[in-house]
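Listed below are the residues making up each chain.
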Amino acid sequence: MLIILDRDGVINQYDGSYICSPDEWHPIPGSIEAVARLCHAGHRIAIATNQSGIGRGYYDVDTLDAMHDKLEGLVEAAGGCIDLITYCPHHPDDYCRCRKPRIGLLEQIRTHYRLDSLNGAIMVGDSRKDLEAGVSAGCDVALVRTGNGLDTERHLAERPIPRVQVPVFDNLRSFADALLASEGWQKQIESV
Ligand SMILES: [Mg+2]
Ligand SMILES: [Zn+2]
């Protein structure tokens with residue numbers, strides 16, 4: 001399965017302030033191992049992240065690359081692999097096509113894998129805009145309670161995304177636990 005992850009608040013800790021250097025980039029406990037376990041089970045991992053801090057002039061692309069080198073190095077040390085990191089560098093006022101909840105980043109990912117659609121892929125995020133982008137692009141979606149997730153869960157209860165039931169997990173580790181457990185269950189059924 002193709003699993004598309006938001007970055008801030010899903011893989012790394014995020015309290016609403018911009019992360020402007022690799023030293024400020026800290027993984028959420030268990031998230032790196034969760035990515036590695038998903039890879040080990042045969043899943044593909046891509047990232048779609050809004051990085052308007054570039055458009056706002058808080059940090060540059062080289063610094064973002066250095067943050068992503070840190071992220072990828074940790075995942076590889078844990079035995080996993082991130083296929084692709086897509087990011088939107090634009091300021092919200094640019095009205096680009098890639099800033100989530102728009103689907104440009106997910107289209108980049110679809111093109112990378114030469115897929116006709118993202119049906120069957122899953123987008124995991126901590127913010128409503130992640131879920132809306134995922135739904136618009138044809139993905140299944142899941143919410144984690146890390147980062148903005150608790151606020152997002154509360155707002156979704158008040159204003160659901162039409163016709164979408166969003167599964168909620170405490171963090172990326174519990175998402176991976178649930179996905180891998182359900183697959184183990186399916187394999188058991190198939191082998192009967
Ligand atoms: Mg986020
Ligand atoms: Zn953009």
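Refer to the preceding data block for the structure.
The structure displayed is predicted, hence computed values, not measured ones. (Residues numbered from 1 in each chain as written. Chains lettered and ligands numbered in written order. Predicted model: local features only at pLDDT ≥ 70, side-chain atom pairs only at ≥ 80, totals over all residues. Heavy atoms only, no water.)

Describing helix H6 (residues 149-158)
Among all positions in H6, only Gly149, Thr152 and Leu156 are buried. Down the axis, H6 shows its buried residues gathered within 55° of arc, on one side only. Facing away from the buried surface of H6 by more than 90 degrees, the exposed residues are Ala157 and Glu158. (Buried < 20%, exposed > 50% of the residue type's maximum accessible area, 1.4 Å probe, protein only. Helix = DSSP H or I, 4+ residues; strand = E, 2+ residues; numbered from the N terminus. Arc of directions from axis to C-beta.)

Section: the pairing of strand S5 (residues 140-144)
Within S5, 4 of the 5 residues are buried, which leaves it mostly tucked inside the rest of the structure. When strand S4 (residues 122-125) meets S5, the two strands line up parallel, connected through 4 bridges. The residue bridging glycine 125 from the neighbouring strand is leucine 143, located in S5. Sheet topology note: the S5/strand S6 (residues 168-169) ladder contains 2 bridges and is parallel. (Pairing = 2+ DSSP bridges.)

Thoughts on the coordination of the magnesium ion (ligand 1)
Within the first shell, the magnesium ion (ligand 1) binds the protein through Asp6 (OD), Asp8 (O) and Asp126 (OD), at distances of 2.0 to 2.2 Å. Read N to C, the donor residues that coordinate the magnesium ion (ligand 1) are spaced as D-x1-D-x117-D. Given the relative accessible area of 13%, aspartate 8 is considered buried. (Donors = N, O, S within 2.8 Å, 3.2 Å for Na, K, Ca; no water.)

A word on the nonpolar core
Ile3, Leu5, Ile11, Leu71, Val124, Leu172 and Phe175 are the most contacted members of the largest nonpolar core, which totals 31 residues. Secondary-structure elements contributing two or more residues to this core are strand S1 (2-5), helix H1 (31-40), strand S2 (44-50), helix H3 (61-77), S4, S5 and helix H7 (172-191). In this structure leucine 71 touches Arg7, Ile11, Trp25, Ile32, Ile47, Ile82 and Ile85, once residues within four positions along its chain are discounted. In this structure, Leu2, Ile109, Leu143 and Val166 belong to the second largest nonpolar core, which totals 23 residues. (Core = buried A, V, L, I, M, F, W, Y, C linked by side-chain atoms within 4.5 Å. Contact = heavy atoms within 4.5 Å.)

Focus: the packing of aromatic side chains
With the rule as written, the count across this model stands at 2 aromatic pairs. With 4.9 Å between their ring centres and 70° between their planes, tyrosine 18 and tyrosine 58 make a pair best called edge-to-face. Of this pair, tyrosine 18 sits in the loop between S1 and H1 while tyrosine 58 is found in the loop between helix H2 (52-55) and H3, placing the two residues 40 residues apart along the sequence. Centre to centre, the rings of phenylalanine 169 and phenylalanine 175 are 5.5 Å apart; their planes meet at 80°, and the pair counts as edge-to-face. The pair phenylalanine 169 / phenylalanine 175 is uniform in exposure class, with both members buried. (Phe/Tyr/Trp six-rings, centres within 6.5 Å; stacked < 30°, edge-to-face > 60°.)

As for the coordination of the zinc ion (ligand 2)
Coordination of the zinc ion (ligand 2) by the protein comes from Cys88 (SG), His90 (ND1), Cys96 (SG) and Cys98 (SG), over a distance range of 2.0 to 2.2 Å. The motif formed by the donor residues of the zinc ion (ligand 2), counted along the single chain, is C-x1-H-x5-C-x1-C.

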